[in-house]
Amino acid sequence: MLPHVLFNFRTANRVGFPITSGLQLHYDADALTTFTRNASNDVSQWRDRSGNGRHAGQATSNQQPKYTLNALGGKSAVVHDGSNDFMLMGDGTLSFLNTSSMTVVCIVNRPDTPINKWIIGGQGGVARTNLQIGYTSATNFKFGFGSDDLNAIIPNVAAGTPEMFIMTYDSLTQEKVLRRNKLEEATGAGTGSISSMTGQALCRYLSAFANISIGEIAIFNRVLSAAEITTVETSLAIKWQVS
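Since we're looking at a predicted model, the values are computed, not measured. (Residues numbered from 1 in each chain as written. Predicted model: local features only at pLDDT ≥ 70, side-chain atom pairs only at ≥ 80, totals over all residues. Heavy atoms only, no water.)

Novice: I keep staring at helix 1 (residues 226-240) and nothing clicks. Help me out?
Specialist: Between its first and last C-alpha, helix 1 extends 21 Å over 15 residues, near the 21 Å set by a 1.5 Å rise per residue. Within helix 1, the full set of buried residues consists of Glu228, Ile229, Val232, Glu233, Leu236, Ala237, Lys239 and Trp240. End-on, the buried residues of helix 1 take up no more than an arc of 160°, which puts them together on one face. Away from its buried face, by an angle of more than 90 degrees, helix 1 presents the exposed residues Ala227 and Ile238. (Helix = DSSP H or I, 4+ residues; strand = E, 2+ residues; numbered from the N terminus. Expected span 1.5 Å × (residues − 1). Buried < 20%, exposed > 50% of the residue type's maximum accessible area, 1.4 Å probe, protein only. Arc of directions from axis to C-beta.)

Novice: Explanation requested: the confidence of the model for the protein chain in the structure shown.
Specialist: In regions of low pLDDT, the predicted coordinates are not meant to be interpreted in detail. Within the protein chain, residue pLDDT values average 94, and 94% of them lie at 70 or more. Every residue in residues 1-13 is under pLDDT 50, and counting partners more than four places away or in other chains gives 24 contacts. (pLDDT = per-residue confidence, 0-100. Contact = heavy atoms within 4.5 Å.)

Novice: Would you mind going over the pattern of salt bridges with me for this structure?
Specialist: Between side chains of opposite charge, a pair can form when the charged atoms approach closely. Enumeration according to the criterion identifies 12 salt bridges in this entry. Of the charged contacts, one joins arginine 110 and glutamate 163 as a salt bridge, the two residues approaching to 2.8 Å between their closest N and O atoms. You can see arginine 110 sitting in the loop between strand 9 (102-109) and strand 10 (117-121) and its partner glutamate 163 sitting in strand 14 (residues 162-169), a full 53 residues away along the chain. For the residue pair arginine 110 and glutamate 163, the accessibility class agrees, reading buried in each case. In this structure, arginine 179 engages glutamate 233 in a salt bridge whose closest nitrogen and oxygen atoms are separated by 2.7 Å. Here the residue arginine 179 occupies a position in strand 15 (residues 175-180), and glutamate 233 occupies one in helix 1, the gap between them amounting to 54 residues. The class for arginine 179 is buried, based on a relative accessible area of 18%. (Salt bridge = Lys/Arg side-chain N within 4 Å of Asp/Glu carboxyl O.)

If you want it as structure tokens, here you go:
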């Protein structure tokens, strides 16, 4: 059977991300035409809506996540099985973040048994060479650079609950901030910026895989202002039914 290939010629007619200045990468599961998928809805490519061509991809068929209807807040999501599914983010280096400030936005479903379940992770084994974002336990969430991390205590909610995380890092002040569902959960100072990343992927960190449904990922190479964060949170909370 021929692959069911979906091109993104209609995505211009869909609502884009609410803030675009500095937007470097944007995956949106609600934009149906940004996927290449087969008849079983296995996803081989998730196209970047930022215009920078940093598409997420997985060529190995048995490691491809599934495009799934009504999987997150009443909308479609990319569902990873936690066994071996992952998608490489562009060329895996996220080089646009090297020594840079950043804002990272993630819309996901809370996984069951959320112990070391990573939304984003890489293969770097040295401090500040690995962007790692995800759950370390049911009540702890990490925004890390690989041994230079910010940990937040978060509520223990039911599996399948839509959650919105917004994380910022200021390369001038070294301040990291982690927000969940419109609330600031943690702040702290790092010891340096991130660089030399490799193997950066969705739902894989080193050799660990995550059973997480992803609705939307956006990454900026700057810290969004408080007003911009409010705009993003208000828009995405409505879109993905985050409470």
